[in-house]
Amino acid sequence: MFAPNKNIQDKRIVIASNRLPVSVTSKNGNLQITPSVGGLTTALSSFHSKKASLWVGWPGINPTSSQHKKELEETLQNNFNCLPVYLSDSDLRKYYYGFSNRTLWPLFHYFSSYCTFDASEWETYQKVNQLFCRKLVETLHPDDMVWIHDYHLLLLPEMLREIMPDATIGFFLHIPFPSMEIFRYLPWREEILQGMLGADLIGFHTYDYTRHFFSSALRLLGKEQTYGKINAGSRMVTVETFPMGIDAEKFTRAVTSPAVKKEKIRIQESVNTEKIILSVDRLDFTKGIPEHLKAFERFLEKYPEWQERITYVLLCVPSRTKVQEYQQLKSDIDELVGKINGRFNVPGWLPVLYMYRSLPFEELSAFYSTADLALVTPLRDGMNLVAKEYLACQDQVGKGVLVLSETAGAAAELSEAVIVNPRNIEMMAEAIAFGLSVPDDEKRERIGLMAQRIKKYNIFRWTDDFIHHLGRNMEDRIQNQQRFLMGKYQNEIHECYKLAGKRLLLLDFDGTLVTLKKRPEQVRPDSELIKILGKLKADPKNTIVIISGRDRNYLADWLGDTGVEMVAEHGAWIYKSTHGDWYLSEPGTTNQWKESLYPVLEQFSERTPGSFIEEKTYALAWHYRNTDPEIGDIRANELVDTLRTLLSGTHLQVLLGNKVVEIKPSGVDKGKASLKWLESSEPWDFILAVGDDWTDEDIFAVLPEKAWSIKVGFIPFTKADYFLKSSNDVRSLLKSLPST
Ligand code: GDG
């Protein structure tokens, strides 16, 4: 799929996540270290130990003395390559249990009614992200790649970028990114998006989450994506889908290990029914545990022949036990288990075997490989690794069935599973019955296909893929940064300018000399701009040409007094001081066509609120900057298609500019207009062209090689050689040109 770049492979990866892959507790003054439980740490730990990355996160404990601290830090560093970030009890309460788990977690999983929006928790969330930022700044080497994980640290990429603008930063979100309609509830939504956009690469588990992120960036920040990249000022942020894998080999190998085999025998002896159904979840409201239980109860009700022949092993791992909703959920589950066991219980058969604890890896693998059916039916889940772990363990056995919820990210990859709506109890009960009746050959085939995929795109491929994309983005960023007109190049421009006896400055107007506004008539050249142009014009070595899409009256009214030369309507009209008045660049240009095409634009305007028509002498423009951004783009493309059909074989052309569709005579463009100056009899010693729009690309295309061409704004797909960030930077450049 890709050739890993050697340099990138050799870089040190620094992982940052809320929790370290190990949890530290203290018993009688002695440190006790155990692996952390949860999808992120389980999967990334394999990568971490293989790659010797450095992992920064909360260890689960605060040292009580400097001796304790030293001992803890040495153990974490030497044995686990980990660096702790300490969080006080109050930080944990507000940042972790508060903003992360009572605001972001429910909101991103579509449980908006469970959300609290508390300003002081938000403040602490920012503060803790700053703590992580400081720790990274202390630790990072210039060559490192930082990989930030999950919803606890959404602000960290931007915080780090501010202090280390050249850092290479990746961010991966392990939970869903919700639809814009849900995300917009968040009072700090813009800050969160900006925080994430500090990264060079943002990864999600599924294309749906990627699409939702693009939609929020567009509608809430007005940031468009082009080919999966978002412009962040002077960098492009790549946004991509990376469905997380697992260390499949580890699970497949485990199944044949003596320890797991022993566990399997123990399970089979203690659960003495014909079939076993298994579910493994952190105890969380997103996992749909009460719904699993209700589905199992309904299944026993509908299919009484299975009573006494089947056991449902319900493994719940304690999680966020200090949050009140989780305590409530725990007691609801206890009650439901009690109810089902009470209802169906006969001596010697326990329908639901409920375990509320975390199992060692061997025991978990034994359960995976023993279970005839895995019920993985979360109400919402970023990915769900349990589904993949079950398949990896069943690869050898081949007798299992996976019942999987359509709202788990994993469903996008595992189409051979029995896919269910996790809120439809009846459907889930039927899925259990169906799963148990699938013939062995079919089970083997389904499991085989899915297991193959899991083995291929495993956790190592996943991390390689992410890091490769991050590296590619870094290389592009470095290349593009060299095109920003700063320091060295500015000095060169000054030198060339000073030495030149005859200079030509071709300057676009909107977006280049002035910032864009909602409507074109709101833009007026201010006194600073008039002064800049006046001063440049006063130098007899200079010819200044303003090349605009505006009509000639506007340009004449607002810029006429500065003495500059002008091009209006993208080249239809020319004003040269030697000529003394405006003239048509293509004599014989007509405009009777406007009458028949105006109604077409009018139709589009009526259907698209916020759009409007601008009439020029030889052009018609349909502006859609103020429309709903998605509808605006769709309608603009529709309009371009319609017009291209209508105009084929005529002397007219359609142009898609910056939020504007324009009809104008063909043979007229800014490039051709520029040639009226570029092809002058005496050669120019210095040429500078500056523009921000697609229409300015025509100018860049006709420039001689020695000219300086500058694109305003950062769009890598341009014929210009250099970039400036904004019209303010253009003004600064023009002001800095030396007087001669
Ligand atoms: C988040 C997202 C996304 C569970 N019980 C035991 C145990 N586990 C391990 C499993 C698995 C992990 O915990 C659970 O992973 P999930 O993916 O199912 O869910 P979350 O913890 O919610 O993880 C999720 C994931 O991040 C990765 O991006 O898939 O959507 O919510 O690995 O094996 N491990 C052991 N004993 C247990 O009792 N040893």
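Remember, it's a predicted structure, so these values are computed and weren't measured experimentally. (Residues numbered from 1 in each chain as written. Predicted model: local features only at pLDDT ≥ 70, side-chain atom pairs only at ≥ 80, totals over all residues. Heavy atoms only, no water.)

A few words now on the overall build of the chain. The helix and strand inventory of the chain stands at 26 helices and 29 strands. With the C-alpha coordinates of the chain rotated into their principal frame, the extents come out at 105 × 65 × 45 Å. Put simply, the chain has 740 residues, and 57% of those count as buried. Expressed as a percentage of contacts within the chain between residues at least 6 apart in sequence, the contacts between residues at least 24 apart total 70%. (Helix = DSSP H or I, 4+ residues; strand = E, 2+ residues; numbered from the N terminus. Buried < 20%, exposed > 50% of the residue type's maximum accessible area, 1.4 Å probe, protein only. Contact = heavy atoms within 4.5 Å.)

Next up on the list: the layout of surface pockets. For the second largest pocket, the calculated volume is near 1800 Å³. Along its surface, the second largest pocket is lined by 49 residues, and G222, E224, N658, K659 and I715 are the ones closest to its centre. Secondary structure elements with two or more residues in the lining of the second largest pocket: α9 (207-221), β9 (225-226), β10 (229-231), α23 (629-647) and β28 (708-712). Here the lining of the second largest pocket is built from residues that sort into 20 nonpolar, 16 polar and 13 charged. (1 Å grid on protein atoms, 1.4 Å probe; cavity = no way out; pocket = protein on both sides within 12 Å on 5 of 7 lines; lining within 4 Å. Points joined across faces, edges and corners; volume = space filled by probe spheres on them. Nonpolar A, V, L, I, M, F, W, Y, C, P; charged D, E, K, R; others polar.)

With that settled, consider a nonpolar patch on the surface. Judged by side-chain polarity, Y227, W694 and F717 come together as a nonpolar surface patch covering roughly 400 Å² of accessible area. With respect to the secondary-structure elements, F717 resides in the loop between β28 and β29 (722-724). Owing to a relative accessible area of 36%, F717 belongs among the partly exposed residues under this scheme. (Patch = residues over 30% accessible without salt bridge, like charges linked within 9 Å, V, L, I, M, F, W, Y side chains within 5 Å. Areas by Shrake-Rupley, 256 points an atom, 1.4 Å probe, with all protein chains shown as cover. Salt bridge = Lys/Arg side-chain N within 4 Å of Asp/Glu carboxyl O.)

This part is about the domain arrangement of the chain. Under the domain assignment, the chain is made up of domain 1 (15-97 + 124-241), domain 2 (252-456), domain 3 (488-586 + 668-736) and domain 4 (594-665). For domain 1 and domain 4, the distance between their C-alpha centroids amounts to 45 Å. Summing both partners gives a buried area of about 400 Å² for domain 1 against domain 4, and 42% of it is carried by carbon and sulfur. When residues of domain 1 are sorted by the area they lose upon contact with domain 4, L218, R219 and E224 head the list and together hold 93% of the total. At the junction of domain 1 and domain 4, the tally comes to three salt bridges. For the salt bridge of E224 with K659, the shortest nitrogen-to-oxygen distance reads 2.5 Å. (Domains from an automatic or database assignment. Buried area = accessible area lost by both parts, 1.4 Å probe.)

Before going further, it helps to examine empty space enclosed by the protein. Inspection of every chain in the model, using the stated rule, returns five cavities of 30 Å³ or more. Taken as a whole, the largest cavity encloses approximately 440 Å³ of empty space. Around the largest cavity, the lining comprises 28 residues; the ones closest to its centre are D510, L516, H623, V660 and D693. Of all the elements in the fold, those that place two or more residues in the lining of the largest cavity are β23 (612-615) and β26 (660-665). When its residues are assigned to classes, the lining of the largest cavity shows six nonpolar, seven polar and 15 charged. When residues are assigned to domains, the lining of the largest cavity turns out to be shared by domain 3 (488-586 + 668-736) and domain 4 (594-665), each giving three or more. Reported here for the second largest cavity is a volume of approximately 70 Å³. With four residues, the single largest contributor to the lining of the second largest cavity is helix α2 (residues 39-51).

The subject of this paragraph is the site of the ligand. The environment of the ligand is made up of 25 residues, and the closest members are H174, L359, D381, L385 and E389. Here H174 contributes a side-chain N or O atom positioned 2.5 Å from an oxygen atom of the ligand. Taking M383, its main chain carries an N or O atom lying 2.9 Å from an oxygen atom of the ligand. When the free accessible area of the ligand is taken as 720 Å², the share hidden by the protein chains comes to 93%. Going through the elements one at a time, α2, β12 (275-282), β13 (310-317), α14 (361-370) and α15 (385-397) are the ones with two or more residues in the shell around the ligand. Residue composition of the shell around the ligand, by class: 13 nonpolar, eight polar and four charged. Here the shell around the ligand spans two domains, and each of domain 1 (15-97 + 124-241) and domain 2 (252-456) adds at least three residues to it. (Near = heavy atom within 4 Å. Polar contact = N/O pair within 3.5 Å; in protein donor to acceptor, adjacent residues only side chain to side chain.)

Spacing of three or four residues puts side chains on the same side of an α-helix, whose turn is 3.6 residues. For helix α13 (residues 324-344), built from 21 residues, the straight-helix expectation of 30 Å at 1.5 Å per residue is met to within 8% by its first-to-last C-alpha distance of 31 Å. Within α13 the residues assigned to the buried category are Y326, L329, I333, L336, V337, I340, N341 and F344. Along the axis of α13, the buried residues cluster in a sector spanning 125°; they form a single face. Counted as exposed and oriented over 90 degrees from the buried face of α13: Q324, E335 and G342. Where α13 is buried, its residues touch α4 (89-108), α12 (289-302), β13 and β14 (352-356). (Expected span 1.5 Å × (residues − 1). Arc of directions from axis to C-beta.)

On to the sheet that holds β9, then. Hydrogen bonds between backbone atoms are what pair the strands of a sheet, whose relative direction is either parallel or antiparallel. One open sheet accounts for nine strands, arranged β5-β4-β1-β6-β7-β8-β11-β10-β9; its pairing is mixed. With partners counted over all chains shown, the strands left at the sheet margins are β5 (82-84) and β9, one partner each. Examined bridge by bridge, strand β1 (residues 13-19) and strand β6 (residues 145-149) share four bridges and lie parallel to one another. Counterpart to I13 in the pairing with β6 is M145. (Pairing = 2+ DSSP bridges.)

Core analysis: the biggest nonpolar cluster contains 100 residues, and L154, F177, I202, F213 and F299 have the highest contact counts within it. At nine residues, α4 tops the list of elements feeding residues into this core. Residues from two domains meet in this core; each of domain 1 (15-97 + 124-241) and domain 2 (252-456) gives at least three. Discounting chain neighbours no more than four positions away, the residues touching I202 are F171, M196, L197, F213, V237, T238, V239 and E240. Membership of the second largest hydrophobic core comes to 68 residues, among which are L40, W147, V386 and L402. (Core = buried A, V, L, I, M, F, W, Y, C linked by side-chain atoms within 4.5 Å.)

For the rest of this paragraph, the subject is the packing of aromatic side chains. What the rule picks out here adds up to 42 aromatic pairs. Residues F99 and Y125 carry aromatic rings whose centres are separated by 4.7 Å and whose planes lie at 50° to one another, so their mutual orientation is tilted. Residue F99 is located in helix α4, and its partner Y125 is located in helix α5 (residues 119-139); the two are separated by 26 residues in the primary sequence. Residue F99 shares its accessibility class with Y125, and that shared class is buried. Measuring from ring centre to ring centre gives 5.6 Å for F484 and F714, while their planes differ by 40°; the resulting arrangement is tilted. Of this pair, F484 sits in the loop between α18 (459-481) and α19 (487-499) while F714 sits in the loop between β28 and β29; the two residues are 230 residues apart in sequence, bridging distant segments of the chain. (Phe/Tyr/Trp six-rings, centres within 6.5 Å; stacked < 30°, edge-to-face > 60°.)

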